[in-house]
Amino acid sequence: METRKRSVAILIFDDVELLDFAGPFEVFSSARDMHGDHGRIMDVFAIAETAAPIRCRNGLVVQPEHTLETCPPFDILVVPGGAGTIAVVQRPNVIDWIRQRTTEIELLTSVCTGSFVLAKVGLPAGTPVTTYWESIAQLRAAYPELEVREDSRWVDAGPIINGAGVSAGIDMALYILSKLYGADVARTTAIGIEYDYWN
């Protein structure tokens, strides 16, 4: 498995679900090289439409590190969910920005209702996706051309990977580590954050 360092950008917005982005953030920022100096193998940062603080769905206020305009290059984009996705899909500049970045990155991912944002960006017909269990029917109705799967913690469609709701984003992030860096890195990271679900 390759060990090149990657950058992960996590899009945040008002009414974002906290664990949808904090879970993957913790996993990716905790991942270490299994050899050499055991340094971080991923740089992780939060981005938002503007530099203004973001109020999460549970009221926590978070400061994004970059805006859409100032965001440096990255390899992986994580789009979390939460009630705020309803507004995000109505923001053409955000959707267009994601659409443009998809041509430059290695993986486009979402957690929970972030899948609605990816669907709005435009996914090929037949692409398998998942979302929070309460939103499965809504996603199927809104995007009948997609293959919406339920009872899946994550779905891998090559360059597009979706996690189901909230804690499933941690599973998805660990799966991505396994896919990119090997099972040992994913397992060691799960042990490091005392996440017993992963095996």
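Residues numbered from 1 in each chain as written. Predicted model: local features only at pLDDT ≥ 70, side-chain atom pairs only at ≥ 80, totals over all residues. Heavy atoms only, no water.

J.: Got a minute to help me understand the overall build of the protein in this structure?
T.: Counting its secondary structure elements, the protein contains seven helices and 11 strands. Its C-alpha radius of gyration of 16 Å places the protein within 12% of the 16 Å reference for a compact globule of 199 residues. Its C-alpha atoms put the protein at 45 × 35 × 35 Å along the principal axes. Counting over 199 residues, the protein shows a buried share of 53%. Excluding contacts between residues fewer than 6 apart, the proportion of contacts in the protein whose partners are at least 24 apart in sequence is 64%. Carbon and sulfur atoms provide 51% of the accessible area of the protein, an area that totals close to 9,200 Å². (Helix = DSSP H or I, 4+ residues; strand = E, 2+ residues; numbered from the N terminus. Rg over C-alpha atoms; globule rule 2.2 N^0.38 Å. Buried < 20%, exposed > 50% of the residue type's maximum accessible area, 1.4 Å probe, protein only. Contact = heavy atoms within 4.5 Å. Areas by Shrake-Rupley, 256 points an atom, 1.4 Å probe, with all protein chains shown as cover.)

J.: Mind showing me how you'd approach the sheet that holds strand S10 (residues 154-157) here?
T.: What holds strands together in a sheet is hydrogen bonding between their backbones, with the strands either parallel or antiparallel. Spatially, the seven strands line up as an open sheet ordered S5-S2-S1-S6-S7-S11-S10, and their pairing is mixed. In this open sheet, the two edge strands, each paired with only one partner strand, are strand S5 (66-67) and S10. Of the strand pairs in this sheet, S10 and strand S11 (residues 160-163) are connected by four bridges, and their pairing is antiparallel. Considered in S11, the bridge of Trp154 is made with Gly163. (Pairing = 2+ DSSP bridges.)

J.: Would you mind going over the nonpolar core with me for this structure?
T.: Across soluble globular proteins, you tend to see nonpolar side chains buried next to one another. Within the largest apolar cluster, 65 residues are counted, with the highest numbers of intra-cluster contacts made by Phe28, Met42, Ile47, Leu77, Ile98 and Leu177. Examining the composition of this core, we find that eight residues originate from one element, helix H6 (residues 168-181), more than from any other. (Core = buried A, V, L, I, M, F, W, Y, C linked by side-chain atoms within 4.5 Å.)

J.: Can you walk me through the packing of aromatic side chains in this structure?
T.: Geometrically, a pair of aromatic rings is defined through the distance of the ring centres and the angle of the planes. Tallying each qualifying case throughout the model produces three aromatic pairs. Here the aromatic rings of Tyr132 and Trp133 are separated by 5.7 Å at their centres, their planes lie at 55°, and the arrangement is tilted. The class of Tyr132 is partly exposed, set by a relative accessible area of 25%. (Phe/Tyr/Trp six-rings, centres within 6.5 Å; stacked < 30°, edge-to-face > 60°.)

J.: Quick question: what am I supposed to make of H6 here?
T.: An α-helix turns once per 3.6 residues; consequently, residues spaced three or four apart project the same way. Here H6 contains 14 residues, and its C-alpha end-to-end distance of 20 Å stays within 8% of the 20 Å for a straight helix at 1.5 Å per residue. Taking burial as the measure, the 14 residues of H6 include 12 buried ones, the bulk of the element. Buried residues of H6: Ala168, Gly169, Ile170, Asp171, Met172, Ala173, Leu174, Ile176, Leu177, Ser178, Leu180 and Tyr181, and no others. Immediately downstream of H6, the backbone of Gly182 shows phi near 105°, a positive value. (Expected span 1.5 Å × (residues − 1).)

J.: Please clarify how the state of the cysteines should be interpreted in this entry.
T.: Here, disulfide denotes a covalent bond that connects the sulfur atoms of two cysteines. Enumeration according to the criterion identifies zero disulfides in this entry. Cys56 takes part in no disulfide bond, and the closest cysteine sulfur to it belongs to Cys112, at a distance of 13 Å. Counting only cysteine sulfurs, Cys56 is the nearest neighbor of Cys71, a cysteine outside any disulfide, at a range of 18 Å. (Disulfide = S-S within 2.5 Å.)

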